[in-house]
Amino acid sequence: MPVSSVTGRRLAIVGVSLLSLVLCCGLAWWQWERYSSANGTFQNLGYVLQWPLFGLFPAFMFYRIRKLRIRAEEEPEEAPAPRPRKPAPAPVAGEDDELAAYNRYLAELNARDHERSPDKP
């Protein structure tokens, strides 16, 4: 990706974050005015505290995504190790033939499932 594209994207994100903060602080001020008026309630006071947090959220998400991306780039990528297969259970003396056939069928289904998706735990 070209450097100017990355810089432009970062500037756009910073701009949106600042716009969000300014807008939400304006809404907090509006709620403070409503709280200070004769018919203000504690709900308005709650909004005064809540709006700045909403305004800071885009900046926090930008920081968090950037931090996770840097961490992912630093870690070496490892291929998932194949899971060891369990041996098929040995038939128990006196076990019902129908039950033994069902257990073999289940073991076969399990083996097929692991062949299709070896990376799943």
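Participant: Pulling in residues and values, what's your account of the overall build of the protein chain?
Facilitator: A count of helical and extended segments in the protein chain gives 3 helices and 0 strands. A sequence separation of at least 24 residues applies to 59% of the contacts in the protein chain between residues at least 6 apart. When the accessible surface of the protein chain is split by element, carbon and sulfur atoms take 63% of a total near 10,500 Å².

Participant: So what about the side chain of Ser20? Which residues, and what values?
Facilitator: With respect to the helices and strands, Ser20 occurs in helix H1 (residues 3-36). You can call Ser20 buried: its relative accessible area is 16%. Excluding its chain neighbours within four sequence positions, the residues that come into contact with Ser20 are Phe54, Gly55 and Pro58.

Participant: Any details on a negative patch on the surface? Residues and values, ideally.
Facilitator: A grouping of Glu73, Glu74, Glu75 and Glu78 is seen on the molecular surface, where their side chains present a negatively charged patch. Note on placement: Glu78 falls in the loop between helix H2 (42-74) and helix H3 (97-116). Assessed through its relative accessible area of 68%, Glu78 is described here as exposed.

Participant: Let's hear about the packing of aromatic side chains: which residues, and what values?
Facilitator: As enumerated under the stated definition, the model contains 3 aromatic pairs in all. Aromatic side chains Trp32 and Tyr35 sit 5.6 Å apart centroid to centroid with 40° between the ring planes, which places their arrangement in the tilted category. One end of the pair, Trp32, and the other, Tyr35, are both in helix H1, 3 residues apart, so they sit about a helical turn from each other. Look at Tyr35 and you get partly exposed, because its relative accessible area is 25%.

Participant: Talk me through H2; I want residue IDs and the actual numbers.
Facilitator: The end-to-end C-alpha distance of H2 is 48 Å, a good match for the 48 Å that 33 residues give at a rise of 1.5 Å each. Where H2 bends most, the angle comes to about 35°, and this point is Phe57, followed within four residues by the proline Pro58. Along H2, the residues classified as buried are Asn44, Val48 and Gly55.

Participant: Account for the side chain of Gln31, naming residues and giving values.
Facilitator: Secondary-structure assignment places Gln31 in helix H1. Classification of Gln31 as buried rests on a relative accessible area of 5%. Not counting residues within four places of it along the chain, the set of residues in contact with Gln31 comprises Asn44, Tyr47, Val48 and Trp51.

Participant: A description of the environment of Phe62 should follow, citing residues and the corresponding values.
Facilitator: Note on placement: Phe62 falls in helix H2. In this structure the C-alpha to C-alpha distance between Phe62 and Val14, which are 48 residues apart in sequence, comes to 8.5 Å. Not counting the four nearest positions on each side in its chain, Phe62 is found in contact with Arg10 and Ile13.

What counts, and where the lines are drawn
Residues numbered from 1 in each chain as written. Predicted model: local features only at pLDDT ≥ 70, side-chain atom pairs only at ≥ 80, totals over all residues. Heavy atoms only, no water. Helix = DSSP H or I, 4+ residues; strand = E, 2+ residues; numbered from the N terminus. Contact = heavy atoms within 4.5 Å. Areas by Shrake-Rupley, 256 points an atom, 1.4 Å probe, with all protein chains shown as cover. Buried < 20%, exposed > 50% of the residue type's maximum accessible area, 1.4 Å probe, protein only. Patch = residues over 30% accessible without salt bridge, like charges linked within 9 Å, V, L, I, M, F, W, Y side chains within 5 Å. Salt bridge = Lys/Arg side-chain N within 4 Å of Asp/Glu carboxyl O. Lys, Arg positive; Asp, Glu negative; His and termini not counted. Charge placed at Lys NZ, Arg CZ, Asp CG, Glu CD. Phe/Tyr/Trp six-rings, centres within 6.5 Å; stacked < 30°, edge-to-face > 60°. Expected span 1.5 Å × (residues − 1). Bend = angle between axes of the 7 residues up to and from the residue.

Taken by themselves, the reported measurements are silent on function.
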